Amino acid sequence: MVKMTPDELRKSYIDFMKGIGASQVPSSSLLPENDPSTLFTGSGMQPMVPYLLGEKHPIGNEIANIQKCLRTVDIDEVGDTSHLTFFEMIGRWEFKANENNYKKKQIDAIWNWHIIELGIDPGRLYISAFIGSDDLNIQKDTEAIQIWSEKFKSVGIEPIIEDDPYKYGTSRGGKIFLYDEKENWWCRAGSPLDMPVGEPGGPDSEMFYDLEPGGDSLDHPASVSERFLEIGNNVFMCYKKEDTRFVKMQNPNIDYGGGLERIATALNGEKDIYNTAFFLNPKKKLMELSGKQYTDDLKSFRIILDHVRAATFLINDGAEPANSDAGYKQEGY
Ligand code: SER
């Protein structure tokens, strides 16, 4: 694996995506513009919504970027080894894609960057995909499963498909884990049944890095343990809600998002995201100011490191404290 600084990692991602035809757009502000749905920009796709809904993007149909994100919904998880409120999300979008090859194009791109460019060990990569739903009348994502299977085979790994992860975990050698819409469906509303008419969504395929190879064999990518670190999500946005049905979109979209700090954790052989270079200087300063070692109080250190970082980026984007809705916007921003 190639150890990289955060800047090298950012550059590697953007250069790679540009090399296969994407145009780069800058990160949007953490304070969403013309979008009252959330207080802060929480994902790379948020500023892309108009284009995912069909508006033409001024610079083209293939876009890559690194978006500053702030997810307050994760705030209670901060303190463990992998959750952050503020993080950088790498993204790749393809609008109005060709339905015959858009999944292959995305999986090829993301496999080649992680495995070939960064040198991440494919033996430690695990995948999840959509198992299908009779109730929703949406089929299993056999296409994505097939493409990932070919990838694993190409590096001599048997792509065993586990369709009952909750019962068997990794004990049957699973590499590709199938889950229902609670795990492997992405839309803004969260669940397919809550999607309003006209809203696009679709099955997704998440990528996980095994932090403890040979660990508890009943763990699996969606289990609550620190063994599997989610490092990215490929959304195949190919359905639109119509009345109570889901209809296939003729020109689907790709919405990929990956966690830069988590990828750095995997790449640098760490288990703790706060041991990556993103946090080294603030951690040193905090130890100096508190007179304590990081290991003296991991949870408190992590919470302070995360929250100070989030507040710093918010202030930089023009936020100031307020106690109601988006009262945080400074005049002039
Ligand atoms: N929209 C997906 C997510 O936020 C992938 O970008 O996880």
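Details of the structure are given in the entry above.
Attention in this report is confined to the structure presented alongside it.

Details of the site of the ligand
Now for step 1: Neighbouring residues of the ligand: Ser43, Met45, Arg71, Met89, Trp186, Asn233, Val235, Asp255, Tyr256 and Gly257.
Now for step 2: Note that an oxygen atom of the ligand is positioned 3.2 Å from one of the side-chain N or O atoms of Arg71.
Now for step 3: The backbone of Gly257 places a nitrogen or oxygen atom 3.3 Å from an oxygen atom of the ligand.
Now for step 4: Isolated, the ligand exposes 240 Å² of accessible area, and the fraction of that covered by the protein chains is 94%.
Now for step 5: For the shell around the ligand, the secondary structure elements donating two or more residues are β9 (228-242) and β10 (245-259).
Now for step 6: Take the shell around the ligand: its biggest share by element is three residues, from β10.

Considering helix α1 (residues 6-19)
Turn by turn, an α-helix covers 3.6 residues, leaving residues three or four places apart pointing in a common direction.
Now for step 1: For α1, which comprises 14 residues, the first-to-last C-alpha distance of 20 Å matches the rise-based estimate of 20 Å (1.5 Å per residue) to within 8%.
Now for step 2: Residues of α1 that are buried include every one of Pro6, Leu9, Ser12, Tyr13, Ile14, Phe16 and Met17, and no others.
Now for step 3: Structurally, α1 contributes buried residues whose contacts are with β1 (23-24), β2 (62-70), β3 (86-94), α3 (102-117), β10 and α6 (260-267).
Now for step 4: With its phi angle positive at about 105 degrees, Gly21 sits one or two positions after the end of α1.

Here's the deal with the environment of Gly119
Now for step 1: Relative to the assigned elements, Gly119 resides in the loop between α3 and β4 (125-130).
Now for step 2: A C-alpha to C-alpha distance of 8.2 Å links Gly119 and Leu267, two positions 148 residues apart in sequence.

Structural notes on unusual backbone geometry
Now for step 1: The phi dihedral of Lys96 is positive, around 50 degrees, even though this residue is not glycine.
Now for step 2: Among the structural elements, Lys96 can be located in the loop between β3 and α3.
Now for step 3: A residue is classified by how much of its surface remains accessible, and Lys96, at 44% relative accessible area, is partly exposed.
Now for step 4: Positioned with a positive phi, Asp243 is a non-glycine residue whose angle comes to about 50 degrees.
Now for step 5: By the element assignment, Asp243 lies in the loop between β9 and β10.
Now for step 6: With a relative accessible area of 61%, Asp243 lands in the exposed category.

Rules and cut-offs
- Residues numbered from 1 in each chain as written.
- Predicted model: local features only at pLDDT ≥ 70, side-chain atom pairs only at ≥ 80, totals over all residues.
- Heavy atoms only, no water.
- Near = heavy atom within 4 Å.
- Polar contact = N/O pair within 3.5 Å; in protein donor to acceptor, adjacent residues only side chain to side chain.
- Areas by Shrake-Rupley, 256 points an atom, 1.4 Å probe, with all protein chains shown as cover.
- Helix = DSSP H or I, 4+ residues; strand = E, 2+ residues; numbered from the N terminus.
- Expected span 1.5 Å × (residues − 1).
- Buried < 20%, exposed > 50% of the residue type's maximum accessible area, 1.4 Å probe, protein only.
- Contact = heavy atoms within 4.5 Å.

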